[in-house]
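Listed here are the chains, written in short residue letters.
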Amino acid sequence: MIELVHLSKTFQVSDGTVEALRDITLHIERGDIYGIIGMSGAGKSTLVRCINMLERPTSGQVIVDGKEMNAMSASQLREARRSITMIFQGFNLLMQRNCLQNICFPMELAGFKKADAKRRAMELLELVGLPDKAKSYPAQLSGGQQQRVAIARALAINPKVLLCDEATSALDPNTTHSILELIKEINQKLGITVVVITHQMSVVEDICNHVAILDGGRVVEEGLVSDVFSSPQSAAAKKLVFPSGVDETLLSQTDGRRIRLVFNGAQVTGAPIIAKMAVDIGVLANIIAASTRTIDAQAYGNMLLDIPKDSEQFDRALEYLSAIPNVIAEEVKD
């Protein structure tokens, strides 16, 4: 569906050049939810803007639905962009228009009849869960509601690709989760290919099937989310998975098997999970690395455990941890 072939982008600045993207090659399947993640300055936003040609690459190819975007004329590009829509961190709604009018706006530009545009807009408001907000203005809505209107507007002319550029960065965790669930539902119902640009690993874990990690304008790791995040190989991936770092000394001293835990809103109780596991099933674990936080009595983040090599103990630990609601437990293999 989307192919980036040896893509590079260089910007001219006052004291020389900046290589924002360096020889990037990616393939995104039709109907996938594909995450592109990296720290600030990694080149994520430049990359997504190259997909719809808001930024023209210095070299390489961008192929969407079999058509080479950077070989198109201006009129061909305008037509192709109708099938590639985008949502942003700042929502970008027209403040002087109500919700219905915001959603109708791209249809007006595309030449839809007024009645057809209004009917389609009302269907989309229903889809995003805001059927009663047609006459409300953006200033009257919460951030999550504004993003839902922005999503409805992005779907107005039946796109094939939805680009999400840090679309949940301005939202609180609970609202972020609801927006991601909406995007996942839209992907499943409409078959739209979704590209998610983010610096938040939790967003990729929550919604994406595949991920590419950018560092310094290069793709340093890519693959299934479960593979990349359960056993990160690159320094950039390890930093994203465990921002506080991995205790390499402890890592070298242990000869057990490792389990990575991902907390996606696990309920926080009085007893820590690792201590409770020792009491409940008699398996002791060392914490090699952890990066967790508690929001509204729910845990988010990651933890890397060293478990005794004994197969019976390891299997019991993995089964025990996997049974905890909103916790993903997976073995990390060398």
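Conventions and cut-offs
- Numbering of residues starts from 1 in every chain and runs along the sequence as written.
- Only residues with pLDDT of 70 or above have their local features reported here, since the model is predicted, and side-chain atom pairs are shown and tallied only from 80 upward, although totals for entire chains, interfaces and linings are computed over all residues.
- With hydrogens and water stripped out, all remaining heavy atoms of the structure feed into the side-chain values.
- Strands qualify as paired when DSSP identifies two bridges or more between them.
- Under the DSSP-based scheme used, a helix requires at least four consecutive residues in state H or I and a strand at least two consecutive residues in state E, with every element numbered from the N terminus.
- By definition in these notes, contact holds between two residues if any of their heavy atoms fall within 4.5 Å.
- Axes here mean lines fitted to C-alpha atoms, for a helix over just the part in contact, with angles spanning 0 to 180 degrees between N-to-C directions.
- Here, the term nonpolar core denotes a set of buried Ala, Val, Leu, Ile, Met, Phe, Trp, Tyr and Cys residues that are joined through side-chain atoms within 4.5 Å.
- Burial classes: relative accessible area under 20% of the type maximum marks a residue as buried, over 50% as exposed, and values in between as partly exposed (1.4 Å probe, protein chains only).
- Throughout, the protein atoms alone are placed on a 1 Å grid, and a set of points is a cavity if a 1.4 Å probe fits but cannot get out or a pocket if it is open with protein on both sides within 12 Å along at least five of seven lines; lining residues have an atom within 4 Å of a point.
- Grid points are joined across faces, edges and corners, and a volume is the space filled by probe spheres set on the points.
- Gly falls in the polar group here, along with every residue not listed as nonpolar (Ala, Val, Leu, Ile, Met, Phe, Trp, Tyr, Cys, Pro) or charged (Asp, Glu, Lys, Arg).
- Note on aromatic pairs: the rings of Phe, Tyr and Trp (six-membered ring only in Trp) are paired at centre separations within 6.5 Å, and the planes decide the class, stacked below 30 degrees, edge-to-face beyond 60, tilted for the rest.
- For a lysine, the NZ atom is tested; for an arginine, the CZ atom; a charge sits over a ring if that atom is within 6 Å of the ring centre and within 35 degrees of the ring normal.
- Under this scheme an angle from 65 to 115 degrees is roughly perpendicular, one under 35 degrees roughly parallel, and one over 145 degrees roughly antiparallel; angles in between are oblique.
- Each helix crossing is assigned a hand: it is left-handed if the near helix lies turned anticlockwise from the far helix by less than a right angle, otherwise right-handed if that turn is clockwise.

For the rest of this paragraph, the subject is the sheet that holds strand β4 (residues 59–64). With antiparallel pairing, the 4 strands of this open sheet are ordered in space as β2-β1-β4-β5. Strands at the two margins of the open sheet, each flanked by one partner only, are β2 (16–28) and β5 (67–68). Across 2 bridges, β4 lies against β5 in antiparallel orientation. Note that in β5 the partner of I63 across the bridge is E68. Packing of helix α1 (residues 44–51) onto the sheet brings it into contact with β1 (2–13), β2 and β4, and relative to β1 it is tilted by some 120°.

One open sheet holds the 6 strands; their spatial order is β6-β7-β8-β3-β9-β10, and the pairing between them is mixed. Unpaired on one side and paired on the other, β6 (84–88) and β10 (218–224) mark the two borders of the sheet. Pairs of neighbouring strands in the sheet enclose a mean axial angle of 15°, with direction left out of account. Bridge count between strand β9 (residues 210–215) and β10: 6 bridges; the pairing is antiparallel. For L214, the partnering residue across the bridge sits in β10 and is V219. Sheet strands in contact with helix α5 (residues 143–154) are β6 and β7 (161–165), and its direction is about 170° off that of β6.

So, on to the nonpolar core. Residues I87, I103, I151 and F229 are the most contacted members of the largest nonpolar core, which totals 52 residues. If near-sequence neighbours (up to four positions away) are discounted, F229 is found in contact with M201, V204, E205, V211, I213, V241 and R260. Core analysis: the second largest hydrophobic core is formed by 30 residues, L7, I28, V48 and M69 among them.

Over the atoms, a rolling probe the size of a water molecule traces out where space has been left empty. A full pass over the atoms with the stated rule returns 1 cavity of 30 Å³ or more. The computed volume of the largest cavity comes to approximately 50 Å³. In this structure, the largest cavity is lined by C164, A167, T168, L180, I183, V196, I197, T198 and V203. Looking at the lining of the largest cavity, the elements with two or more residues in it are α6 (173–190) and β8 (193–198). The class makeup of the residues in the lining of the largest cavity is 7 nonpolar, 2 polar and no charged.

Below, the discussion takes up the packing of aromatic side chains. The final tally for this structure, using the stated rule, is 0 aromatic pairs. Note that K9 overlies the ring of F11, its terminal NZ or CZ placed 5.0 Å from the centroid. Directly above the ring of F314 sits R257, whose terminal nitrogen or CZ lies 3.8 Å from the centroid.

Attention shifts here to the environment of N174. Topologically, N174 is positioned in helix α6. Its relative accessible area of 43% is what places N174 among the partly exposed residues. Distance in space between the C-alpha atoms of N174 and V48 is 26 Å, their sequence separation being 126 residues.

For the rest of this paragraph, the subject is the environment of E126. Along the chain, E126 turns up in helix α4 (residues 114–127). The exposure class assigned to E126 is exposed, which follows from its relative accessible area of 53%. Residues E126 and A152 lie 26 residues apart in sequence; the distance between their C-alpha atoms is 9.2 Å.

Between helix α3 (residues 99–109) and α4, the shortest axis-to-axis distance is 9 Å and the interhelical angle comes to 120°. Classified by the angle their axes make, α3 and α4 are oblique. Note that α3 runs across α4; the crossing there is right-handed. Along its contact with α3, which presents C99, L100, I103, C104 and M107, the element α4 presents A117, K118, R120, A121, M122, L124 and L125. Here the residues of the contact of α3 with α4 are counted per class, giving 10 nonpolar, no polar and 2 charged.

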